Amino acid sequence: MRIATWNVNSIRSRVDRVTDWLVRSDVDVLAMQETKAREDQFPHERFRELGYEVAHHGLSQWNGVAIVSRVGIEDVQIGFDGMPGWGDPVAAEARAIGAVCGGVRIWSLYIPNGRTLEDPHLLYKLDWLGALADAGRGWLAAEPSAPIALLGDWNIAPFDEDVWSVPFYEGRTHTSPRERAAFQAVVDAGFADVVRPHCPGPGVYTYWDYVQLRFQKGRGMRIDFALCSPALAARVTGAAIDREERKGKGASDHAPVVFEIAD
DNA sequence: ATGGTAGAAAATCTA
């Protein structure tokens, strides 16, 4: 089974590109982030006509997460227990959706950006990841052999080799010790990065800012990850980051990340 | 060259 995660940065502006890629890449399950669409705006039919079932959660023009699958979608969950909210009044955002696809519990996650190191949004980001680590630890405590995949845009570069320039990110989000510790806490809860062993750095990225020809200059970040529970990680046979999909007009600023598991 | 890119939606906000 082939599973992928991709921050599509607006599904409505990119549905042709996403569906073309999905078919061409022979992917069975795709977790998307930043659909930037309410439920009624999501192009469900474009996926259904290709044989994919859709589970989407979107509340406004911001955030939005989805899972599309051609191996079934069961037990859809919006958000996870303990997931923090944001805003005034504080409310849950559309940043997490889960479903069981082909026997695997898939989560499509859009971790808060953090904005700046002084912004309250950074504390939201850290809280959100802490709650995710707690939830994940709980799932594995209840069922140690559960096949679970935490897929998404984590908005954190865990290691120095994951950014094009360490000095550039000093004093900015995505590389700070607190963010890296929050990411590591999810790993320590029992979820391993299954892509890195197949796609070792340095210089291997999943995101390139649109500005200043960052992609053309090779100036990216690795911030999109597939973290798998022990039972699922043991089944992974390969992985790839499709940087070709970042090329050309109309590309998302993120590349799709794909991994394959033995049935 | 006094900005930088893209997408949402409706004047800025988010990334």
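Okay, so let's go over this structure. Just so you know, these numbers come straight off a predicted model, no measurement behind them.

Calculation criteria
- Each chain has its residues counted from 1, following the order in which its sequence is written.
- Chain A is the first chain written and ligand 1 is the first ligand written, with later ones labelled in order.
- Note on the predicted model: pLDDT of at least 70 is required for a residue's local features to be given, and 80 or more for side-chain atom pairs to be given and counted; whole-chain, interface and lining totals, by contrast, use all residues.
- Side-chain descriptors were evaluated using all non-hydrogen atoms of the structure, hydrogens and water having been removed beforehand.
- Any two strands with at least two DSSP bridges between them are considered paired.
- By definition, any uninterrupted DSSP run of H or I lasting at least four residues is a helix, any uninterrupted run of E lasting at least two residues is a strand, and each is numbered from the N terminus.
- Only heavy atoms enter the contact rule, under which two residues are in contact if any of them lie within 4.5 Å.
- Working convention: axes come from line fits to C-alpha atoms, limited for helices to the stretch in contact. Angles between N-to-C directions cover 0 to 180 degrees.
- Think of it in three bands: with a 1.4 Å probe and only protein chains considered, a residue is buried below 20% of the maximum accessible area for its type, exposed above 50%, and partly exposed in between.
- What makes a residue near a molecule or strand is one non-hydrogen atom of that residue sitting within 4 Å of it.
- For this analysis, a polar contact is any N or O atom pair within 3.5 Å, provided that within protein one partner can donate a hydrogen and the other can accept it, and provided that sequence-adjacent residues contribute only side-chain to side-chain pairs.
- When residues are sorted by character, Ala, Val, Leu, Ile, Met, Phe, Trp, Tyr, Cys and Pro go into the nonpolar class, Asp, Glu, Lys and Arg into the charged class, and all the rest, Gly among them, into the polar class.

**A closer look at the sheet that holds strand β7 (residues 104-110)**
Here is step 1 of the chain: As summarised here, the arrangement of the six strands in space is β5-β6-β7-β8-β10-β9, forming an open sheet in which the pairing is mixed. Of all strands in the sheet, those bounded by a partner on one side alone are β5 (74-78) and β9 (192-193).
Here is step 2 of the chain: The strands that helix α3 (residues 120-142) touches are β6 (96-101), β7 and β8 (148-153); relative to β7, the one it contacts most, it runs at about 175 degrees.

**Digging into the sheet that holds strand β3 (residues 53-57)**
Here is step 1 of the chain: The sheet built from six strands is open, its strands ordered β3-β4-β2-β1-β12-β11 with mixed pairing. In this open sheet, the two strands that pair with only one neighbour each are β3 and β11 (236-241). Geometrically, the sheet is characterised by an average inter-axis angle of 15 degrees between neighbouring strands, direction not taken into account.
Here is step 2 of the chain: Looking at chain direction, β11 and strand β12 (residues 257-261) are connected through five bridges and run antiparallel.

**Let's talk about the environment of Phe168**
Here is step 1 of the chain: By the element assignment, Phe168 lies in helix α4 (residues 166-169).
Here is step 2 of the chain: Exposure remark for Phe168: the relative accessible area of 24% places this residue in the partly exposed category.
Here is step 3 of the chain: Between the alpha carbons of Phe168 and Arg105 there is a distance of 37 Å; along the sequence they are 63 residues apart.

**Structural notes on the protein's contact with DNA strand B**
Here is step 1 of the chain: Close to DNA strand B lie 15 residues; Ser10, Gln61, Trp62, Arg115 and Tyr210 are nearest.
Here is step 2 of the chain: Counting only the atoms of DNA strand B that lie within 4 Å of the protein, the sugar and phosphate share comes to 80%.
Here is step 3 of the chain: Contacts to DNA strand B include Arg14, whose side-chain N or O atom sits 3.3 Å from a phosphate oxygen.
Here is step 4 of the chain: One of the side-chain N or O atoms of Gln212 is found 3.2 Å from a base nitrogen in DNA strand B.
Here is step 5 of the chain: Residue composition of the surface near DNA strand B, grouped by class: four nonpolar, six polar and five charged.

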